[in-house]
Amino acid sequence: MSQESTGLDALKSAASVSSPVAEAPAEPQIDSLGRSYATGKRKDAIARVWIKAGTGKVTVNGREGNTYFARPVLQMLLNQPFHVVGREGHFDVICTVKGGGLSGQAGAVRHGISKALNLFDPSTRPALKSGGFLTRDSRVVERKKYGRRKARRSFQFSKR
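In what follows, the accompanying structure is described. Remember, predicted model here, so these are calculated numbers, not experimental data.

1. Side note on the overall build of the chain
Along the backbone of the chain there are five helices and five strands. Shown N-terminal to C-terminal, the secondary structure of the chain runs as helices and strands in the order α-β-β-β-β-α-α-β-α-α. Across the chain, contacts joining residues at least 24 apart in sequence account for 68% of those joining residues at least 6 apart. For the chain, the computed accessible surface area is about 10,900 Å², with 55% contributed by carbon and sulfur atoms.

The following block contains the structure:
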């Protein structure tokens, strides 16, 4: 009997030790200027993103977000993380992005905004995670193979 009770006590103490660690909420990571920083990546583009509480202004490489990303589809990409968590117009975004094309850069900025939003307010993590915004899109251009014209395209075949 005494061995059973000590085993039970050990299980109870182990459960009580591990439960507070699992339930501890994440701390917001905000610098002295009230900003959160994250890096986003997509294809060959890398974006450094800072977000802070504000009016919804987006600045990309020193230019306004609507002029840098002129296509409406790319503008929609930037606003998706805020739309999912229901915080449109609550944050100012300042980012620098380099490499890749406009589509890859917009995806990198979206990834960076999502990660920075998660660091600014950890309660937004479930919504961002379920939407797939915190996962880096690992798809990149397939390399060219030897004996082929492109990655998969062969040279034209002539039977005669």
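2. What to know about the packing of aromatic side chains
The final tally for this structure, using the stated rule, is four aromatic pairs. Both rings, one in Tyr68 and one in Phe69, keep their centres 4.9 Å apart while their planes meet at 85 degrees; by these two values the pair is edge-to-face. Per residue, the accessibility class of Tyr68 equals that of Phe69, and both read buried. Put simply, the rings of Phe82, Phe91 and Phe120 pair up and form one aromatic cluster.

3. A few points about the pairing of strand E2 (residues 45-53)
Relative to E2, strand E1 (residues 35-42) runs antiparallel, the two being bridged by eight bridges. Following the sheet pairing, Gly40 is matched in E2 by Ala47. What sits between E1 and E2 in their antiparallel hairpin is a turn of two residues, with Lys43 showing a positive phi close to 50 degrees. Relative to strand E5 (residues 91-98), E2 is paired through eight bridges, and the arrangement is antiparallel. In the strand pairing of E5, Ile51 is matched with Val93.

4. What to know about the sheet that holds strand E3 (residues 58-60)
Across the sheet, which stays open at both edges, the five strands sit in the order E1-E2-E5-E3-E4 with mixed pairing between neighbours. If you trace the sheet from one side to the other, it starts and ends with E1 and strand E4 (63-64), each paired once. Direction of pairing for E3 relative to E4: antiparallel, over a ladder of two bridges. Pairing of Val60 across the sheet is with Arg63, part of E4. Along the sheet, helix H4 (residues 102-120) makes contact with E1, E2 and E5, crossing E1 at roughly 145 degrees.

5. Comments concerning the layout of surface pockets
Quantified by volume, the largest pocket comes out at close to 190 Å³. Among the secondary structure elements, those contributing two or more residues to the lining of the largest pocket are helix H2 (65-68) and helix H3 (72-85). The leading source of residues in the lining of the largest pocket is H3, at four residues. Residues that form the lining of the largest pocket fall into these classes: four nonpolar, six polar and two charged. Looking at the second largest pocket, its volume works out to about 160 Å³. Around the second largest pocket sit Lys41, Arg42, Leu77, Ser103, Gly107, Arg110, His111, Gly132, Phe133, Thr135, Arg136 and Asp137, which together line it. Counting only elements with at least two residues in the lining of the second largest pocket, the list comes to E1 and H4. Sorting elements by how many residues they give to the lining of the second largest pocket places H4 first, with four residues. A breakdown of the residues in the lining of the second largest pocket according to their chemical character gives two nonpolar, five polar and five charged.

Conventions used here
- Residues numbered from 1 in each chain as written.
- Predicted model: local features only at pLDDT ≥ 70, side-chain atom pairs only at ≥ 80, totals over all residues.
- Heavy atoms only, no water.
- Helix = DSSP H or I, 4+ residues; strand = E, 2+ residues; numbered from the N terminus.
- Contact = heavy atoms within 4.5 Å.
- Areas by Shrake-Rupley, 256 points an atom, 1.4 Å probe, with all protein chains shown as cover.
- Phe/Tyr/Trp six-rings, centres within 6.5 Å; stacked < 30°, edge-to-face > 60°.
- Buried < 20%, exposed > 50% of the residue type's maximum accessible area, 1.4 Å probe, protein only.
- Pairing = 2+ DSSP bridges.
- Axes fitted to C-alpha atoms, helices over the stretch in contact; angles between N-to-C directions.
- 1 Å grid on protein atoms, 1.4 Å probe; cavity = no way out; pocket = protein on both sides within 12 Å on 5 of 7 lines; lining within 4 Å.
- Points joined across faces, edges and corners; volume = space filled by probe spheres on them.
- Nonpolar A, V, L, I, M, F, W, Y, C, P; charged D, E, K, R; others polar.

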